[in-house]
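# Summary of structural features
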Amino acid sequence: MKKNYLFLVVLGLLAASNLFSQSLWEDNFESYPLGNFLDGNGWVREDGQDDWAQIVELDSIHGKSLQLFAPDTNLLGMFVTHNNNWANRTQGNNVFETNFDFYTGNAQSEGLGQVVIANSNFYEIVSIGMLSGGNSLFIYADGLDTSLVENALPDTWYNITITYDKLSGEVIAQVDGGPKISGSGAADLDPEIFDFTALLASNVGIDNIKVSATKSSILNLPNVHQSGSTIAFPNPVHDVLNIRTDKNVAHITIYDIAGRVAGEFSTQTELDFSSFTSGIFAVNILFEDGTQEVHKVIKK
């Protein structure tokens, strides 16, 4: 069966966006022992007490993760820092991209926990932070200061993607595959530092960090699914992708970034992604009325 035109266009966009993608570093914390997290594997601890940063098991889905336990006596801030290996990127890969799971912590803590992307002089390029007392998950850059999730829930994981274009200064962010938020940051800065930090009391957490350098941001791609009542969620997906639609599904084909068939399903609307490798997939849905839709899905 010939691929329809829409799918070919989508696949071309996906391939173009990843042709120059380069992984710089990643960490899911599974290799660390439970307990106080000091340093190692590229991480450096600064300030605070030893037990203010710990490897914990918050839930079975995430396994081990890194959580801060800063008290209200944390007036000067504590920092857990990793080098982004930005200088080792391939020439022309001037878009910084990071994806991570962010845990909001306990609502009773009243402080600031955040991820800061900075240059070697610790000039803040972009930051994602959680003001625990106000339950506000926000993004900040030179020309961008807004809420990502206005009423962020306590004790909740959010998946966050951030891109920064060094040449233009453009910053784009997305939470749980939802609407994209963009704005201007300072141009011509090298995003060399990934800083997980807290001021005052905060017990935010982080997991499944991935940092890449790319030619063009994946968040600059248009939403490739057609408008309508069909929804593919959660996106990014860990194990099961759900298809919610008012139409009758005849067949679903999943293609990887190279255009190969990665999986096929008949009429089921719960798709098992657990065996797929991490990456971007095109989910082509054929309905009984003969129409088709293509959804871009990220597998974590």
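Residues numbered from 1 in each chain as written. Predicted model: local features only at pLDDT ≥ 70, side-chain atom pairs only at ≥ 80, totals over all residues. Heavy atoms only, no water.

### A short note on the overall build of the chain
When helices and strands are tallied, the chain shows 1 helix and 23 strands. For the chain, the accessible area works out to roughly 13700 Å², and carbon and sulfur atoms hold 49% of it. (Helix = DSSP H or I, 4+ residues; strand = E, 2+ residues; numbered from the N terminus. Areas by Shrake-Rupley, 256 points an atom, 1.4 Å probe, with all protein chains shown as cover.)

### Remarks on the pairing of strand 4 (residues 53-59)
Side-chain positions along a regular strand alternate between the two faces of the sheet. Summarising the sheet, strand 2 (residues 35-36) and strand 4 pair through 2 bridges and their orientation is antiparallel. Bridging from a neighbouring strand, G35 pairs with I55 of strand 4. Two successive antiparallel strands, strand 4 and strand 5 (residues 63-68), enclose a turn made up of 3 residues. (Pairing = 2+ DSSP bridges.)

### Digging into the side chain of K166
Relative to the assigned elements, K166 resides in the loop between strand 12 (157-165) and strand 13 (170-175). Within the structure, K166 has its side chain in polar contact with the side chain of D190 (distance 2.7 Å). Ignoring any residue separated from it by four or fewer positions in sequence, one finds K166 in contact with W86, R89, N94, A187, D188, L189 and D190. (Polar contact = N/O pair within 3.5 Å; in protein donor to acceptor, adjacent residues only side chain to side chain. Contact = heavy atoms within 4.5 Å.)

### Observations concerning the sheet that holds strand 6 (residues 78-83)
An order of 3-6-15-8-9-10-11 is seen for the 7 strands of this open sheet, with the pairing classed as antiparallel. Each end of this open sheet is capped by a strand with a single partner; those strands are strand 3 (43-46) and strand 11 (144-149). Direction aside, the axes of adjacent strands within the sheet are offset by 20° on average. Pairing geometry for strand 6 and strand 15 (residues 193-200), over 6 bridges, is antiparallel. Looking at strand 15, one finds that V80 is bridged to F196. (Axes fitted to C-alpha atoms, helices over the stretch in contact; angles between N-to-C directions.)

### A closer look at the side chain of T104
Residue position: T104 is located in the loop between strand 7 (95-103) and strand 8 (111-118). A polar atom in the side chain of T104 sits 3.1 Å from the backbone nitrogen of D155. Discounting residues that sit within four places of it in the chain, T104 has contacts with M130, A152, L153, P154, D155, T156, Y158 and V204.

### Here's the deal with the sheet that holds strand 20 (residues 261-265)
Strand order in the open sheet formed by 4 strands is 20-19-22-23, and the pairing between neighbours is antiparallel. Looking along the sheet, the strands with just one partner apiece sit at the ends: strand 20 and strand 23 (292-299). Neighbour-to-neighbour, the strand axes of this sheet turn through a mean angle of 20°, independent of strand direction. Pairing of strand 19 (residues 249-255) with strand 20 involves 4 bridges; the strand directions are antiparallel. Counterpart to I254 in the pairing with strand 20 is G263.

### Quick look at unusual backbone geometry
With an omega of -10°, the peptide bond running from F233 to P234 counts as cis. You can see P234 is positioned in the loop between strand 17 (231-233) and strand 18 (240-244). For L200, which is not glycine, the phi torsion reads 60° and is therefore positive. With respect to the helices, strands and loops of the structure, L200 is situated in strand 15.

### Thoughts on the environment of N88
Here N88 is to be found in the loop between strand 6 and strand 7. On the basis of relative accessibility, which here comes to 57%, the residue N88 falls in the exposed class. Sequence separation of N88 and Q22 is 66 residues, and the distance between their C-alpha atoms is 9.8 Å. (Buried < 20%, exposed > 50% of the residue type's maximum accessible area, 1.4 Å probe, protein only.)

### Remarks on the confidence of the model for the chain
Summing up the model confidence of the chain, the mean pLDDT is 86 and the portion of residues at 70 or higher is 87%. Per-element averaging of pLDDT across the chain places helix 1 (residues 5-18) at the bottom with 53 and strand 2 at the top with 97. Confidence drops under pLDDT 50 across residues 222-227; counting only partners more than four residues distant or on other chains, this segment forms 14 contacts. (pLDDT = per-residue confidence, 0-100.)

### A few points about the packing of aromatic side chains
Pairs of aromatic rings are described using the distance from one ring centre to the other and the angle between the two planes. One pass over the full model with this rule turns up 14 aromatic pairs. An aromatic cluster of at least three residues, connected via ring pairs, comprises W25, F29, Y32, F37, W43, F100 and F194. Over the aromatic face of F287 sits the side chain of K247, whose NZ or CZ is 4.8 Å from the ring centroid. (Phe/Tyr/Trp six-rings, centres within 6.5 Å; stacked < 30°, edge-to-face > 60°. Lys NZ or Arg CZ within 6 Å of the ring centre and 35° of its normal.)

### Quick look at the nonpolar core
Grouped together as the largest cluster of nonpolar side chains are 48 residues, with contacts concentrated most on F100, L137 and F194. Of all hydrophobic cores here, the second largest spans 16 residues; its members include I252, F265, F273 and F281. (Core = buried A, V, L, I, M, F, W, Y, C linked by side-chain atoms within 4.5 Å.)

### Looking at the pairing of strand 14 (residues 180-184)
Taken together, the 5 bridges between strand 13 and strand 14 define a ladder with antiparallel strand orientation. Of the residues in strand 14, the one forming a bridge with I172 is S182. Between the end of strand 13 and the start of strand 14, which pair antiparallel, lie 4 residues, with D176 showing a positive phi angle near 50°.

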